[in-house]
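Inside the fold
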Amino acid sequence: MREIQIDLAVILKNYRKLKELASGSLVMAVVKANAYGHGMHEVAEALDDAGVDYLGVADLNEALELRMAGIKTNILCWILSPEDDFELAVSQNIELGVSSLEVLEGLPEGAKVHLKVDTGLGRNGFTQGDFGKALEFLAESKLYPEGLFSHLSNASEGDDLAQLELFEKANVMALQKGVNFKLRHLAASAATLKHPQMHFDMVRCGIAVYGLSPFEDEPVDPGLLQPAMRVVANVVNVKRVPKGQGVSYGYRYVTKMETTLVLVPFGYAEGMPRISENHEVLIQGKLYPVVGRVAMDQFIVDVSDAKIRIGDEVVIFGDGQKGEPTAQSLGESSGSINYEVVTRIGGRAPRVYKI
Ligand SMILES: Cc1ncc(COP(=O)(O)O)c(C=O)c1O
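Each chain carries its own residue numbering, running from 1 in the written order of its sequence. Selection of residues for local features in this predicted model requires a pLDDT of at least 70, selection of side-chain atom pairs for listing and counting requires 80 or more, and totals for whole chains, interfaces and linings are taken over all residues. Working from all heavy atoms in the structure, the side-chain values ignore hydrogens and water.

1. Structural notes on the pairing of strand β18 (residues 313-317)
Relative accessibility thresholds used throughout: buried, under 20% of the residue-type maximum; exposed, over 50%; partly exposed, between the two (1.4 Å probe, protein chains only). Under the scheme used here, helices are H or I runs from DSSP no shorter than 4 residues and strands are E runs no shorter than 2 residues, and both carry numbers assigned from the N terminus. Counting buried positions along β18 yields four of five residues, so the element is predominantly enclosed. Looking at chain direction, strand β10 (residues 229-234) and β18 are connected through four bridges and run antiparallel. Note that in β18 the partner of asparagine 234 across the bridge is glutamate 313. Here, a strand pair is defined by DSSP locating no fewer than two bridges between the strands.

The structure is reproduced here in structure tokens:
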């Protein structure tokens with residue numbers, strides 16, 4: 001009735017392409033938030049078997065889950081709280097992205113630390129002031145200085161270049177304070193694709209691994225990356241209605257003439273944005289608009305006079321080939337972006353894997 005189809009071979013292919021692009025730098029595949037909705041265990045296992053350099057997650061719990069699932073490769077997590085169990089992290093060989101003195105000073109001997117410096121995003125990461133203190137602590141400690149990293153704002157080319165400059169200064173400062181980090185990493189997908197001078201020793205790619213564009217106004221070159229997620233459902237009801245028929249809650253759509261409405265069992269519980277009226281879905285090779293409010297379990301499509309039958313496949317989004325809508329187009333219909341669309345997809349729809 002509804003299915004999230006994930007092509008793991010496509011994910012591996014995307015990873016290999018990113019590896020080529022990074023020309024010599026390590027490539028971390030970011031699998032946080034259930035691998036951006038693609039299924040963390042399945043994606044991580046496929047990448048681990050294929051020899052991925054690093055996996056990246058936000059929480060320590062996600063990292064521990066990966067280890068419990070038998071993942072052997074390097075794992076870095078970077079949203080930490082002083083309450084996290086760092087003894088367990090060290091025993092599981094999980095590397096820690098540290099942004100505060102509170103966390104740094106509480107780490108047990110032998111912890112592998114990636115210091116995060118805020119070069120301008122204004123989120124996590126040491127401020128310039130605390131960064132010096134963190135370096136001094138690290139230089140005197142029995143912690144491993146595994147990495148120095150930062151994250152770009154992508155606000156503009158100029159802003160990213162200014163962050164690059166600060167990142168380079170932070171590296172010089174670290175060396176002056178006697179801390180020689182093994183890996184320096186700055187680029188996520190956007191800078192991996194656009195700024196080779198930002199690749200350093202490793203790049204951290206999330207959205208690009210799943211074949212989606214990090215740029216809101218620019219699709220990725222399909223020769224380089226391909227979307228790995230396709231979301232489909234089958235029509236469960238078809239009805240001919242007269243002109244003037246109100247559709248779904250609040251009657252935000254009223255038919256202008258006699259027409260055929262079809263019901264698709266995929267609602268906001270599955271991650272279909274409630275406001276995605278006018279997103280176009282593909283049925284029998286043609287695009288038709290979603291009409292009226294998306295409900296919890298279902299939405300309606302106006303197919304005009306097309307002969308659509310119960311059971312016909314509806315492509316909610318796919319890889320954009322053969323007229324398929326994309327996660328990007330679904331994002332646009334709801335004032336959002338492909339990242340949010342794929343990460344929220346789920347609910348009662350099972351993920352079905354192809355390798
Ligand atoms: C620190 C860090 N690195 C890398 C990424 C991956 O970003 P992207 O999906 O744009 O490649 C994220 C995602 O939010 C992140 O927080």
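2. Looking at the domain arrangement of the protein chain
Split into domains, the protein chain comes out as domain 1 (8-205) and domain 2 (229-354). The C-alpha centroid of domain 2 is placed 38 Å from the C-alpha centroid of domain 1. Contact with domain 1, which involves nine residues of that partner, is made by seven residues of domain 2. Computed with a 1.4 Å rolling probe, the buried area is the accessible surface lost when two parts are put together, summed over both parts. Here domain 1 and domain 2 share an interface that buries about 730 Å² over both sides, 59% of which is from carbon and sulfur atoms. Every case where a carboxyl oxygen of Asp or Glu lies within 4 Å of a side-chain nitrogen of Lys or Arg is listed as a salt bridge. Counting every contact that joins domain 1 to domain 2 gives zero salt bridges. Any pair of N or O atoms that falls within 3.5 Å is considered a polar contact. Within protein, one atom must be able to donate a hydrogen and the other to accept it, and sequence-neighbouring residues count only if both atoms are side-chain atoms. Taken together, the links from domain 1 to domain 2 amount to four residue pairs in polar contact (both at pLDDT 80 or more). The leading source of residues in the side of domain 1 that touches domain 2 is helix α2 (residues 32-36), at three residues. Gly is put with the polar residues, along with every residue not named as nonpolar or charged; the nonpolar set is Ala, Val, Leu, Ile, Met, Phe, Trp, Tyr, Cys and Pro, and the charged set is Asp, Glu, Lys and Arg. Split by residue class, the side of domain 1 that touches domain 2 holds four nonpolar, four polar and one charged. A domain assignment, automatic or from a database, supplies the domain bounds used here. Contact definition: two residues touch when any of their heavy atoms are within 4.5 Å.

3. Structural notes on the site of the ligand
Around the ligand sit 14 residues, and of these Lys32, Tyr36, Ser189, Arg204 and Tyr339 come closest. A distance of 2.6 Å separates an oxygen atom of the ligand from a polar atom in the side chain of tyrosine 36. Between a nitrogen atom of the ligand and a side-chain N or O atom of arginine 204, the distance comes to 2.8 Å. In the complex, the protein chains occlude 91% of the 400 Å² of accessible area that the ligand would expose alone. Residue assignment for the shell around the ligand shows that the elements contributing at least two residues are α2 and β9 (202-205). Here the residues of the shell around the ligand sort into seven nonpolar, three polar and four charged. Nearness here has a simple test: a residue counts as near a molecule or strand if at least one of its heavy atoms is within 4 Å of that partner. The accessible surface values rely on the Shrake-Rupley method and a 1.4 Å probe; as for residues, cover is taken only from the protein chains in view.

4. Looking at the environment of alanine 155
With respect to the helices and strands, alanine 155 occurs in the loop between β7 (144-149) and α8 (157-176). The exposure class of alanine 155 is exposed, given its relative accessible area of 56%.

5. Digging into the pattern of salt bridges
Going through the model one piece at a time under the given rule, you end up with 17 salt bridges. Of the charged contacts in the structure, one is a salt bridge between lysine 182 and glutamate 146, with a shortest N-O distance of 2.8 Å. Taken together, the residues span a long stretch of sequence, with lysine 182 in the loop between α8 and β8 (183-185) and glutamate 146 in strand β7 at a distance of 36 residues. On the basis of relative accessible area, glutamate 146 is assigned to the buried category, the value being 6%. Put simply, glutamate 313 and arginine 230 hold a salt bridge, and the shortest N to O gap is 3.3 Å. Within this pair, whereas glutamate 313 is found in strand β18, its partner arginine 230 is found in strand β10, the two being separated by 83 residues in sequence. Judged by its relative accessible area of 37%, glutamate 313 falls in the partly exposed class. Overall, arginine 230 belongs to the partly exposed group, its relative accessible area being 23%. Within this structure, Arg230, Glu313 and Glu324 form a network of salt bridges that share partners.

6. Describing the sheet that holds β10
Across the sheet, nine strands lie side by side as β11-β14-β17-β16-β15-β18-β10-β1-β19; this open sheet has mixed pairing. A strand with exactly one partner marks an edge of an open sheet, and here the two such strands are β11 (237-241) and β19 (351-354). Each strand axis lies, on average, 35 degrees off the axis of its neighbour in the sheet, ignoring direction. Where strand β1 (residues 2-7) meets β10, five bridges bridge the pair, whose relative direction is antiparallel. The residue bridging glutamate 3 from the neighbouring strand is valine 232, located in β10. Fitted lines through C-alpha atoms serve as axes, helices being fitted only where they are in contact, and the angles separating the N-to-C directions of these axes extend from 0 to 180 degrees.

7. A word on α8
By this rule the span expected of a helix is its residue count minus one, scaled by 1.5 Å. Here α8 contains 20 residues, and its C-alpha end-to-end distance of 29 Å stays within 8% of the 28 Å for a straight helix at 1.5 Å per residue. Listing the buried residues of α8 in full gives Asp160, Gln163, Leu164, Phe167, Ala170, Asn171 and Ala174. Buried residues of α8, seen end-on, are gathered within an arc of 120 degrees and therefore sit on one face of the element. Looking at the packing, one finds that the buried side of α8 touches α7 (128-140), β7 and β8. Glycine 178 sits one or two positions beyond α8 and adopts a positive phi of about 85 degrees. This arc is taken over the directions from the axis of the helix to the C-beta atoms.

8. Points about helix α3 (residues 40-49)
Residues Met40, Val43, Ala44, Ala46, Leu47 and Asp48 constitute the buried set of α3. Phi for glycine 51, located one or two positions after α3, is positive at around 85 degrees.

9. Looking at the packing of aromatic side chains
Only Phe, Tyr and Trp rings take part, Trp by its six-membered ring, and two of them pair if their centres are within 6.5 Å. Stacked means planes under 30 degrees apart, edge-to-face means over 60, and tilted covers everything else. A complete count under the given rule lists four aromatic pairs for this structure. When the ring of phenylalanine 167 is compared with that of phenylalanine 200, the centres are 5.1 Å apart and the planes differ by 75 degrees; the resulting orientation is edge-to-face. Residue phenylalanine 167 is found in helix α8, and its partner phenylalanine 200 is found in the loop between α9 (189-194) and β9; the two are separated by 33 residues along the sequence. For phenylalanine 167, a relative accessible area of 1% puts it in the buried group. By the ring-pair criterion, three or more aromatic residues cluster together here, those being Tyr36, Tyr210 and Tyr339. Should the NZ of a Lys or the CZ of an Arg lie within 6 Å of a ring centre and within 35 degrees of the ring normal, that charge is described as sitting over the ring. When the ring centre of phenylalanine 215 is taken as reference, the NZ or CZ atom of lysine 194 above it lies at 4.0 Å.

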